[in-house]
Amino acid sequence: MSEFLLLLVKDLIIIKNNIKLILRNPARLLPYIGVVGYFSYFYFKRAADREVVAMDGYAFDDSTFKIVLGILTLLLLAFFIFNLYRALNSSITFFSLADVNMLFTAPTSPKKILTYYIVRSIFPSLGAGILFVVYSSSSLMQSFKLGFLDIAFLILAVGLFGFIASPIKFLFYALVTKRGIGTILKVTVWSLIVMIAGLVFVPALLAENFWEGAFSVIGSEAFNYFPIVGWCRGIGLFFIHQNIYEAALYFGLMLATFFIILYAILANADDYYEDVLESTSSKEDAKELAKGTKKAGDGTGSLNAKKLVQLKNFGTGAKALYWRNYVHSMRIDFHPFFGLYAGGTIAIMLVLALLARFDVMSHKSIYVYLAILSGIYFMAGLGRVNIGDFSKPYFILLPDTWFRKVWNSVKLDVYQTLFTMGIALVLGVFIAELDLTLLFSGMMLILALYVIGLAINLAIKSWFSESLDQRFIKPIFVICVILFGMIPAFGLGLMVFLFSKVAAYGYLVMSLGMSVVAAIVGQLALDVIKRFELKD
């Protein structure tokens, strides 16, 4: 019997056993019935209330349609490129631990097993596509009269886009580990990012209307020919262009791309068992974390968990605490000073600055964004998860001063904040032509708020060992600091702004006031730590 047929029979037996389990315990069907009922309710309700418009009311030459389509396309591109970058450092698995234990020891060709499981992964993607399209098409049916082919091509587009990402990620990781061309692939991914950014910002800066120019290229019909993302978009937009030959062309291109990727995988992943074992184990750990049967470790969610970090000297005394955080940060993000959060923060500031520069948005949006960032950093300090390290024996017994131990424990956070906000504020101030004092006051304000939150968290968790006491006292302490420290500092800044009519001066006075509050609360936290006693 063919090996592919044996694998198919195995899956059919698993399906049959699952059906038997459901029949023995019909209560298992209740969640699925609830999901189907939820989607069906919205589908039929919106379909009944629809107001159909003509298809030619939405065309690629319509500016509003281009903007909406361009935003959706940009989100798809971001998702696709992010997955490509993740594939440079971590593999993906098509298997479960049960499959690994049974199939990897069986006298079966590894290439045939991999081929079968890659092809089989299209069915979960199509299932997800059906759920997504059933829900989203209920909104579309308010404006369009969708037929069977329209819905079928939408499902196919969503399913193919979700499916094709996994083989590409597997291929990328195989090329990195087997061929050693990680640098070339990384340069390729970054070149793609630069190209997409150019397609968005260059037309935007040249056009009279920023938004129309930004999405004039990626929202155009010609972008349907962009590999993978554009092809899937072209298939899904069949209900707009109504050209079955064009949709068939995109599907044929996707099919040809898949076979090329599959051939490349089989040619470069001869011995993939070791990589698959590791990624499968990580997949099972993620399932246990979701169920709550396992606690998260230091490497949970890491982007570079296996990265080897080579440092000349960790240093002695309290310096070791800094380098410990440095190594851990390198493994959970792209770089200790520049990661996903830093990139997102800077990117948003860049967009706001450009919009303010070309009078698309007011300069006030940048000040509002800084206020939002200030709140985020304050909450980040309050929620710092590894505060418990300050009460561990290695921290208490470390031969150094208390101040140096605390400083080296939080030094990396300070550097990350200064680096991220420094770049963001330089871009915002110089592009949007704001007051130069905002460079100093913005960084000082955000850093002071982070230190206030961190000091409150540290003082409470060091002072009270019982979690019940911490939950009761922490809100009271936070309210006191806000009422008697942060609100007066905010009030001084507001008064200066009202008298001077210059927001930057208000930020400067507010940042100085917050710095005083941070120094007081920080000194309190340091005094509490000095009274630590080593307990069993």
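Residues numbered from 1 in each chain as written. Predicted model: local features only at pLDDT ≥ 70, side-chain atom pairs only at ≥ 80, totals over all residues. Heavy atoms only, no water.

One turn of an α-helix holds 3.6 residues; hence residues three or four places apart share an orientation. If you check helix α18 (residues 402-432), its first and last C-alpha atoms are 43 Å apart, about what 31 residues at 1.5 Å a residue would give, namely 45 Å. If you look at α18, its biggest bend is around 45°, right at V410. Note on α18: the residue one or two positions beyond its end, E433, has a positive phi of about 60°. (Helix = DSSP H or I, 4+ residues; strand = E, 2+ residues; numbered from the N terminus. Expected span 1.5 Å × (residues − 1). Bend = angle between axes of the 7 residues up to and from the residue.)

Look at helix α1 (residues 3-24): 32 Å from first C-alpha to last across 22 residues, which is about the 32 Å you get at 1.5 Å a residue. Within α1, burial applies to L7, K10 and D11. Looking straight down α1, one finds that the buried residues subtend no more than 90° of arc, so they occupy a single side. In α1, the exposed positions that point more than 90 degrees away from the buried face belong to L23 and R24. (Buried < 20%, exposed > 50% of the residue type's maximum accessible area, 1.4 Å probe, protein only. Arc of directions from axis to C-beta.)

Let us now look at the packing of aromatic side chains. A complete count under the given rule lists nine aromatic pairs for this structure. Look at Y367 and Y507: their rings are 5.7 Å apart centre to centre, the planes differ by 35°, and that puts the pair in the tilted class. In this pair, Y367 sits in helix α16 (residues 364-382) while Y507 sits in helix α21 (residues 503-530), placing the two residues 140 residues apart along the sequence. For Y367, a relative accessible area of 16% translates into the label buried. We classify Y507 as buried; its relative accessible area is 9%. Taken together, the ring pairs in this structure connect F79, F80 and F161 into an aromatic cluster. (Phe/Tyr/Trp six-rings, centres within 6.5 Å; stacked < 30°, edge-to-face > 60°.)

Running from amino to carboxyl end, helix α7 (residues 148-179) crosses helix α8 (residues 182-206) at an angle of 140°, the nearest separation of the two axes being 8 Å. As summarised for this structure, α7 and α8 are arranged oblique, according to the angle between their axes. Contact residues: α7 offers F172, L175 and V176, while α8 offers G182, L185 and V189. Per-class residue counts for the contact of α7 with α8 are five nonpolar, one polar and no charged. (Axes fitted to C-alpha atoms, helices over the stretch in contact; angles between N-to-C directions. Parallel < 35°, antiparallel > 145°, perpendicular 65-115°, else oblique. Contact = heavy atoms within 4.5 Å. Nonpolar A, V, L, I, M, F, W, Y, C, P; charged D, E, K, R; others polar.)

Structural measurements only, silent on function.
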